[in-house]
Every structure is written in structure tokens, then in C-alpha cells.
Amino acid sequence: MVKDVIKMNIYLKISATLIMLLCIISSVSAQNKTFELPKQSYSDSLYARICTPIYFSFYTPSYMATTTPTFTILKIEINSQGKVIAINFSDSADSVFVKAYKNRKKYDDEISTLEKYVKAKLYTDVSLLMPVSFEPKYPNSVKDFSYDKMESIMQWNKKEVVGRVIMLPSMNIRILPNGNM
Amino acid sequence: MKKMVNATINTDINTKVNKLIQDVFASSQKLHLSFVDNVPLPNGVEGQTEPPHEPDADGNLNVQIQLNSNSLPNYSQEFIATVIMHEALHAFMLANNINPISQHNIMVKYVGKMGASLQTMFGNASVPGGLSDDDARNLALGGLSGTDSFKTSIATDLKLLGSFEAIQLAFSIGSRGKRCN
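Residues numbered from 1 in each chain as written. Chains lettered and ligands numbered in written order. Predicted model: local features only at pLDDT ≥ 70, side-chain atom pairs only at ≥ 80, totals over all residues. Heavy atoms only, no water.

A count of helical and extended segments in chain A gives six helices and seven strands. Along chain A, helices (α) and strands (β) appear in the sequence α-α-α-β-β-α-α-β-α-β-β-β-β when read from the amino end. Looking at the 181 residues of chain A, the share that counts as buried comes to 40%. Considering only residue pairs separated by 6 or more positions, chain A has 80% of its internal contacts joining residues 24 or more positions apart. In the form shown here, chain A has an accessible surface area of approximately 11,100 Å², with 60% of it arising from carbon and sulfur atoms. (Helix = DSSP H or I, 4+ residues; strand = E, 2+ residues; numbered from the N terminus. Buried < 20%, exposed > 50% of the residue type's maximum accessible area, 1.4 Å probe, protein only. Contact = heavy atoms within 4.5 Å. Areas by Shrake-Rupley, 256 points an atom, 1.4 Å probe, with all protein chains shown as cover.)

Put into C-alpha cells, the structure is as follows:
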């Protein structure tokens with residue numbers, strides 16, 4: 001009986017040691033593994049290219065100096081042939097940000113990228129709405145949620161959107177007090 | 001480019017960054033890095049890499065990294081190398097159409113690898129003046145403090161000792177690390 005208990009104890013100790021070794025090995029191999037970039041569809045890749053110039057508008061020196069938050073919606077109007085006919089931020093957008101976006105460096109033919117995206121998604125005769133926010137001095141950013149401000153988020157030149165709309169994934173960008181995103 | 005930054009670039013950082021990219025992403029794509037300091041960056045933004053980064057005929061990437069000419073010349077080589085590494089990873093991900101919004105969240109998973117690369121460049125704790133694992137990882141976390149996982153899980157996941165802020169300050173405006181003067 002005593003021998004059995006001792007044997008059992010030894011088995012338990014060996015098992016526990018083996019389990020610990022397995023944990024260590026798997027943790028070491030997890031640290032050493034290489035990383036595959038996230039698998040993306042063709043349209044996801046195009047969407048990333050659409051987001052890139054908006055993201056980098058922040059780096060325009062005039063906008064980098066501002067601490068005014070922006071919460072706005074970019075409206076991209078697509079006609080029945082799948083062509084881009086207008087791109088505008090809603091009225092809530094900070095004017096310095098809008099200027100920075102309009103004067104941004106051109107990385108590639110952005111309209112062409114948008115139209116490839118629209119074609120890949122089979123969108124026609126629709127307005128694409130992309131919420132965009134820049135929040136400087138996060139987490140102590142200026143909070144401005146007045147009624148007028150809220151209303152202006154969904155207005156373009158004081159007019160609401162009409163017709164079919166599709167909401168795109170949002171771009172929420174926090175900017176830390178030291179300027180890092 | 002000022003003396004301190006040149007000294008870091010002369011540590012064969014091109015080769016080291018390429019090794020990091022291969023280790024992290026198992027990529028055969030090579031990066032040819034070049035550096036400019038002609039764009040004014042605000043305090044706290046030590047570097048920036050803008051698109052495009054289209055592969056050349058051989059599939060390699062020509063990457064131009066903008067460095068902050070006001071702050072970096074006074075910082076340690078270890079800190080400057082971290083900035084270059086961070087920006088090179090951005091360039092690689094932009095070239096692979098990873099949405100800029102997601103890039104820091106991807107990068108934060110590879111802080112261990114980035115820290116190991118810094119130790120390859122500057123030596124580990126067994127070398128006089130080398131970087132301990134904690135120093136290297138806290139340095140590699142630079143620019144990633146805006147990610148969701150930074151505040152919630154990163155210190156626990158990495159079993160980090162030492163204060164992120166204190167180590168960042170010590171290797172930048174402090175006196176730790178390799179300096180020219």
C-alpha cells in the first residue's frame with residue numbers, strides 16, 4: 001500500500017515536470033515564431049490604401065500643431081457607373097484638418113484606388129460614409145458634444161445625405177500628448 | 001544628418017533592420033533605408049515614414065525615413081536605432097497594404113523580437129554597457145504606448161521590470177546608452 005502511494009507520488013511528480021517542460025517549450029517556440037501579416041482580401045488591401053492618405057494628413061505641420069479634435073464623416077459619392085463623383089468631409093470637420101487633407105501629398109492615384117475598391121465591392125449609385133476621428137492629447141482630449149456639433153457630423157454644407165448609403169469601417173486615431181499615434 | 005544620428009546609421013543598421021524583418025515576418029523582401037531630416041517634426045515625434053513604398057523590379061523596398069533633427073542628435077544610439085527599426089516596420093507594413101490604423105497593434109506583438117535585435121546591435125547584459133532584456137524591451141515599446149494592449153497586458157505578457165517611462169527618458173534626454181560626446 002505504502003509502495004503504491006510512493007509510486008503514485010513519483011508518477012505525479014514526473015507528470016507535473018513533463019507538463020511544466022511542455023509549457024516552457026511551447027512558450028519559447030511561441031516567442032520565436034515568425035509572424036505572418038494578417039491575411040487580407042483584395043478589397044481590404046484597397047481599403048487600407050484609401051485610409052493611408054487620411055491617416056497621414058495628420059503629419060501636415062499645420063495640423064500637427066493643432067489640439068482641436070475632429071470627429072467627422074467622409075462621404076464618397078459613387079454614381080451608377082461606379083465612378084467617384086465627390087469626396088467631402090461633413091461640416092463637423094476641423095477646417096485645419098480639411099485643408100491638410102486637401103493639400104496632402106499624393107501617394108498614388110487615390111480616385112483610381114477608390115474606384116477599384118468600389119468595383120471589387122460591386123457598389124453603384126451609393127454614398128460611402130467613413131467616420132474619421134482624430135483625438136489629440138488622448139486621453140485628456142477636448143470633449144465637445146454640443147447639439148450643433150452632433151448635428152454637423154451628419155451634414156454636408158448644411159444638408160443631410162440622401163439616397164442609399166453604406167457605412168465603412170471607422171478610422172479612430174488617438175494622438176498622445178507627445179504627438180505619437 | 002548630425003553626428004549622433006550618423007553614428008547610429010554607421011552601425012550597419014540596414015543589415016540589422018533587414019534581419020529583423022526576416023526574423024519577424026519571414027520575408028525575403030529587402031529594405032533599402034535612407035534617412036532625411038529636412039521635415040520639421042514636432043517634439044515627441046522622433047521619426048516618420050510616409051508611403052509610397054512600392055517594391056522595385058527586384059521586389060525590394062526603397063524606404064525613406066524622416067528623423068527629428070531637433071531631438072535625436074542629443075539621444076543615445078540605442079534610442080535612435082529603436083526609432084529607425086520602428087519606422088522600417090511601418091514602411092514594410094505600408095508596402096504590404098496593412099491599414100495604418102492596425103500597425104501599432106501588430107508591432108506590439110513583436111516587442112520581444114525588436115528588443116532582441118537591439119541586443120544584437122548593442123550587446124546584452126553580459127557585455128559592459130549592453131542592454132538588459134528589460135531595457136531592450138522597454139526601448140522597443142517606444143511609440144507603442146497608444147495601443148490598447150500597452151496599458152492592459154503588455155507589462156504582464158512581457159514580464160517587464162523597470163518603468164517604461166523611466167527607461168525611455170534615460171536613453172533619450174538622460175545619460176544612459178552610447179553617446180558621442
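Here the focus is the packing of aromatic side chains. Across all of its chains, the model carries seven aromatic pairs over all chains by this definition. Seen from their ring centres, phenylalanine 97 of chain A and phenylalanine 134 of chain A are 5.0 Å apart, and the 50° between their planes marks the pair as tilted. Highlighted residues: phenylalanine 97 of chain A in helix H4 (residues 95-102) and phenylalanine 134 of chain A in strand S3 (residues 126-135), separated in sequence by 37 residues. For the residue pair phenylalanine 97 of chain A and phenylalanine 134 of chain A, the accessibility class agrees, reading buried in each case. Ring centres of tyrosine 75 of chain B and phenylalanine 79 of chain B lie 5.0 Å apart, and the angle between their planes is 80°; this geometry places the pair in the edge-to-face category. Each member of the pair, tyrosine 75 of chain B together with phenylalanine 79 of chain B, is buried. (Phe/Tyr/Trp six-rings, centres within 6.5 Å; stacked < 30°, edge-to-face > 60°.)

Another point: the confidence of the model for chain B. Parts of the prediction with low pLDDT should not have their coordinates interpreted in detail. All names here are of chain B. Here chain B shows a mean pLDDT of 82. Residues at 70 or above account for 86%. Mean pLDDT per element in chain B: helix H1 (residues 3-9) is the minimum at 68, and helix H6 (residues 133-140) is the maximum at 91. In the predicted assembly, ipTM is 0.76 and pTM is 0.80. (pLDDT = per-residue confidence, 0-100.)

Let us now look at the sheet that holds strand S3 (residues 61-67) of chain B. Residue and element names in this part refer to chain B. Spatial ordering of the open sheet is given by S1-S3-S2, a layout of three strands whose pairing is mixed. Both outer strands of the open sheet, strand S1 (31-36) and strand S2 (47-48), are each paired with one neighbouring strand and no more. Bridging between S1 and S3 involves six bridges; their strand directions are parallel. By the bridge assignment, leucine 33 is partnered in S3 with valine 63. Contacts between helix H3 (residues 77-95) and the sheet are confined to S1, S2 and S3, with S3 contributing the most and set at about 135° to the helix. (Pairing = 2+ DSSP bridges. Axes fitted to C-alpha atoms, helices over the stretch in contact; angles between N-to-C directions.)

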